[in-house]
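What the coordinates show
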Protein chains: 2
Amino acid sequence: MSVTIRDVARASGVHISTVSRTFSAPHLVNPNTRSRVLACAEQLGYRPNRAARALITGRTYNIGLIVADIANPFFPPLIKAAESQARKHDHHIFVADTNEDPAVEEEVVRALAKQVDGVLLCSPRMSNTLIEQLSREVPLVVVNRQITGIPAVVMDVAQGARLAIEHLTARGHREIALLSGPRGSWTSREIRRSATATARAGHAELTVIGPNPPTETGGLTVAEEVLRAGATAVLAYNDLMAIGLIEGLLSAGARVPEDVSVIGIDDIMLSRLTRPKLTTVATPTAAAGRAAVDMLLAHGDDRRSTAHLHLQTELVIRDSTGPGPGPHSPADPGGVTVPGGVAS
Amino acid sequence: MSVTIRDVARASGVHISTVSRTFSAPHLVNPNTRSRVLACAEQLGYRPNRAARALITGRTYNIGLIVADIANPFFPPLIKAAESQARKHDHHIFVADTNEDPAVEEEVVRALAKQVDGVLLCSPRMSNTLIEQLSREVPLVVVNRQITGIPAVVMDVAQGARLAIEHLTARGHREIALLSGPRGSWTSREIRRSATATARAGHAELTVIGPNPPTETGGLTVAEEVLRAGATAVLAYNDLMAIGLIEGLLSAGARVPEDVSVIGIDDIMLSRLTRPKLTTVATPTAAAGRAAVDMLLAHGDDRRSTAHLHLQTELVIRDSTGPGPGPHSPADPGGVTVPGGVAS
DNA sequence: GACAGTTGTGCAACCGCTTGCATTAATTGT
DNA sequence: ACAATTAATGCAAGCGGTTGCACAACTGTC
């Protein structure tokens, strides 16, 4: 079928082991021999078979990337960055979509385990225990989840939620609704925890609505409930829900931001293009993808790296938030973004 | 390290070949033995190593999926559908992003060739000759491109472009601009061919602007040029460009659709959420992803399938198109969508 | 000119699994 | 009751590579 190391060996008159070394340990082979072998290989169009190599070396040069929903606009930039970074290190990426189903997550990790050097688990929905167990079967890096002993890249949504709620209370909002995300989401718990604390500190009432599916529809369907709760401002689990919510509010006759202010999280590309433009907490998605890959690849070097990398978020103020009925804080920044950065 | 066929053999007191057959040819092993082996395997957590198996069978149960830009909202639904369909058939998917670069496309196909059963090339930018050559090294299915002898799934954008232009001429537009896509895009050529012919038949003038990068920016930056050309209607290569164009037109003081009508292609999720909502040609992206995978997997059965599957498109009329200065055709449908379907 | 060190290559086992063939035991036909 | 099938299993080669070890053939040293 395809050209193997043996063909190259025959063509260049050396033993297969010499050909092998030409590619995987060039310094061990005589420069003359080496160039002859390379020439033959080139001419025959030889490419080492990675699967065969992996069988004996244990390194596959593949990475698994598992996300809840490829079509959720939050993920593509992450996937793209991860793929690009992986390929920079000569690795390829398996992508799997779990449809938010923890059982599928487990199955896919196991199915992939043998043919990857490690797996990136993005916003996983499974239990901590299961993740810990899986991490004994295959190197794991988790994105947007904190588990002791598991290397992780997390976006600091708690900080983001704090900035968002502070922005709202500073502008006089006292009745705030929080649209929580899907069950099992660590991010959603973090947001809730931080938003609750911040609201209390700002003397505002926080009503939690959810859990909800993290989609446009998830936001659309709770618009009524938001209005009934009498909230003048809403923080949504993500931009998609925020956008859906705005649709729902508008078609229920409420104005955004005059009657209700809405803040999303993620700053997906879409959020700049809707009307009103969405105020949102920007998360460094691409950076997270790159960092997660780097972490996974470094994993081999220092045994059992267990670092948690925190990426800061920032509030991007656009047109979906306005003043509320209460008194404004004089310290309210009229500015556009509250900056963050990258820290570890 | 991990549990192999040998461990299972030892535990169940049979030869490794029996264990192997238990999984890959169960009818050849005695039911009693089989269940004993299965029990041991289960208990040890055995999972066949696909790479090792592939080495001898030649079937990897992997598929390569190559796209120009994962972050382009056109692709995620396709990737998602393909991944889902692949996994239904117990296959996994490698995803690679080429950044619209033909050289990267070639390199990635070659790099992946050995570890996949086939490659899906989505909207490739390389030459026909190269694609033909690559298809001799690894089974290929091409999406959105027609090449004799290469199995393909194509969305009928020519039909879509025709519907779009007809819609415009019927509503009295006589000066129409076409924003073409990136160089090397078959889709772009098809659109241009069809739009030109249809415009001529409708006694309208068609100005081609481009090639342009298939992004929001690509549309944004040509807004001036569109106005200068005096066009009252524009068909863009894709929705992203159409949305960018609308942004550009609005901020240049033009109204959409009162001054300029805009039609996109693809009907990405975003297009329903912008203001004005975008009139667009809906392409069956998910169906294409599924069909391409099916075609690739069927490829093994009937040697060298060479079928071209055409998926129909439909015009979705929303708010970004309005009447033009010329006379309306009485036959202009006030309706919402011009239906299509699926045909081969 | 014998001795220890390099350097470059070949040999063969092995990674985890499949599969053609040989072997043995059980079943069938007559 | 015995040859001929048939069913179940074992044996070993091999898929395409890697790698520890042995073995030259050269260096340079005294």
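As recorded by an unreviewed UniProt entry, chain A carries the name LacI family transcriptional regulator and is attributed to Paractinoplanes ferrugineus.

So, about the interface of chain A and chain B. By convention, interface size is frequently given as the accessible area that disappears when the constituent parts associate. In this complex, chain A contributes 44 residues to the contact, which on the side of chain B involves 44 residues. With both chains or domains summed, chain A and chain B bury close to 4,100 Å², and 59% of this area falls on carbon and sulfur atoms. Its largest share of buried area at the contact with chain B, chain A owes to A:Arg47, A:Lys114 and A:Leu273, together 17% of the area lost on that side. Inspection of the region where chain A meets chain B yields 8 salt bridges. Salt-bridge contacts for B:Glu247 lead to A:Arg275; the nearest nitrogen and oxygen are separated by 3.1 Å. Taken together, the links from chain A to chain B amount to 20 residue pairs in polar contact (both at pLDDT 80 or more). Elements represented by at least two residues in the side of chain A that touches chain B include exactly helix H4 (50–57), helix H5 (75–88), strand S2 (92–97), helix H6 (102–113) and helix H12 (239–251) of chain A. Partitioning the side of chain A that touches chain B into residue classes produces 23 nonpolar, 7 polar and 14 charged.

Bringing the packing of aromatic side chains into the picture now. Inspection of the entire model under this criterion finds 5 aromatic pairs over all chains. Relative to A:Tyr46, the ring of A:Phe23 lies with its centre 5.3 Å away and its plane at 55°, an arrangement referred to as tilted. With a gap of 23 residues between them, A:Phe23 in helix H2 (residues 16–24) and A:Tyr46 in the loop between helix H3 (31–44) and H4 connect regions that are remote in the sequence. For A:Phe23, a relative accessible area of 29% corresponds to the partly exposed category. Centre to centre, the rings of B:Phe74 and B:Phe75 are 5.1 Å apart; their planes meet at 75°, and the pair counts as edge-to-face. In this pair, the class of B:Phe74 matches that of B:Phe75, namely buried. The lysine or arginine in question, A:Arg59, covers the ring of A:Tyr61, its NZ or CZ lying 4.9 Å from the ring centre.

The subject of this paragraph is the relation of the copies chain A and chain B. Once chain A has been moved 0.0 Å along the axis and rotated by 180°, it coincides with chain B to within an RMSD of 0.1 Å. The relationship between the two copies is best expressed as a two-fold rotation axis. Most of the interface of chain A is mirrored in chain B: 100% of its interface residues are interface residues there too.

This part is about the protein's contact with DNA strand C. Neighbouring DNA strand C are 28 residues; A:His15, A:Thr33, B:Ile5, B:Ser20 and B:Arg53 lie closest to it. Taking the atoms of DNA strand C that fall within 4 Å of the protein, sugar and phosphate contribute 60% of them. Measuring from a phosphate oxygen of DNA strand C, one finds a side-chain N or O atom of A:Thr33 at 2.2 Å. Backbone polar atom of B:Asn49 to a phosphate oxygen of DNA strand C: 2.9 Å apart, as the coordinates give it.

Let us now look at the UniProt feature "domain: HTH lacI-type" (unreviewed entry) in chain A. Under the local residue numbering, the UniProt record ascribes the feature "domain: HTH lacI-type" (unreviewed entry) to residues 3–57 of chain A. For residues 3–57 of chain A, the end-to-end C-alpha separation is 21 Å, with 71% helix and 0% strand making up the annotated structure.

The side chains of a regular strand alternate, first on one face of the sheet and then on the other. Residues and elements named next belong to chain B. Of all 6 residues making up strand S9 (residues 261–266), 6 are buried, and the element is well covered by its neighbours. As paired strands, strand S8 (residues 233–236) and S9 are joined by 3 bridges and run parallel to one another. Across the sheet, Leu235 pairs through a bridge with Ile263, a residue of S9. Handedness of the crossover joining S8 and S9 through helix H12 (residues 239–251): right-handed. One ladder, built from 4 bridges, connects S9 with strand S10 (residues 279–282); its direction is parallel. Note that in S10 the partner of Gly264 across the bridge is Thr280.

The next thing to look at is the layout of surface pockets. There is about 500 Å³ of room inside the second largest pocket. Every element with two or more residues in the lining of the second largest pocket is listed here: H5 of chain A together with helix H5 (75–88) and helix H13 (285–298) of chain B. Considering only residue class, the lining of the second largest pocket consists of 18 nonpolar, 4 polar and 5 charged.

If you check the shell around DNA strand D, you find 28 residues, and the closest are A:Ser20, A:Arg53, B:His15, B:Thr33 and B:Ile56. Atoms of DNA strand D within 4 Å of the protein: sugar and phosphate make up 55%, bases the balance. Within the backbone of A:Ala52, one N or O atom sits 3.2 Å away from a base nitrogen of DNA strand D. Contact between DNA strand D and B:His15: a phosphate oxygen at 2.7 Å from a main-chain N or O atom of the residue. Those elements that provide at least two residues to the surface near DNA strand D are helix H1 (5–12), H2 and H4 of chain A together with helix H2 (16–24) and helix H4 (50–57) of chain B.

About the thresholds
- Residues numbered from 1 in each chain as written.
- Chains lettered and ligands numbered in written order.
- Predicted model: local features only at pLDDT ≥ 70, side-chain atom pairs only at ≥ 80, totals over all residues.
- Heavy atoms only, no water.
- Contact = heavy atoms within 4.5 Å.
- Buried area = accessible area lost by both parts, 1.4 Å probe.
- Salt bridge = Lys/Arg side-chain N within 4 Å of Asp/Glu carboxyl O.
- Polar contact = N/O pair within 3.5 Å; in protein donor to acceptor, adjacent residues only side chain to side chain.
- Helix = DSSP H or I, 4+ residues; strand = E, 2+ residues; numbered from the N terminus.
- Nonpolar A, V, L, I, M, F, W, Y, C, P; charged D, E, K, R; others polar.
- Phe/Tyr/Trp six-rings, centres within 6.5 Å; stacked < 30°, edge-to-face > 60°.
- Buried < 20%, exposed > 50% of the residue type's maximum accessible area, 1.4 Å probe, protein only.
- Lys NZ or Arg CZ within 6 Å of the ring centre and 35° of its normal.
- Least-squares fit on C-alpha atoms with pLDDT ≥ 70 in both.
- Near = heavy atom within 4 Å.
- UniProt positions renumbered as here; feature names shortened; annotations may be inferred.
- Pairing = 2+ DSSP bridges.
- Right-handed = clockwise from strand over helix to strand, strands pointing away.
- 1 Å grid on protein atoms, 1.4 Å probe; cavity = no way out; pocket = protein on both sides within 12 Å on 5 of 7 lines; lining within 4 Å.
- Points joined across faces, edges and corners; volume = space filled by probe spheres on them.

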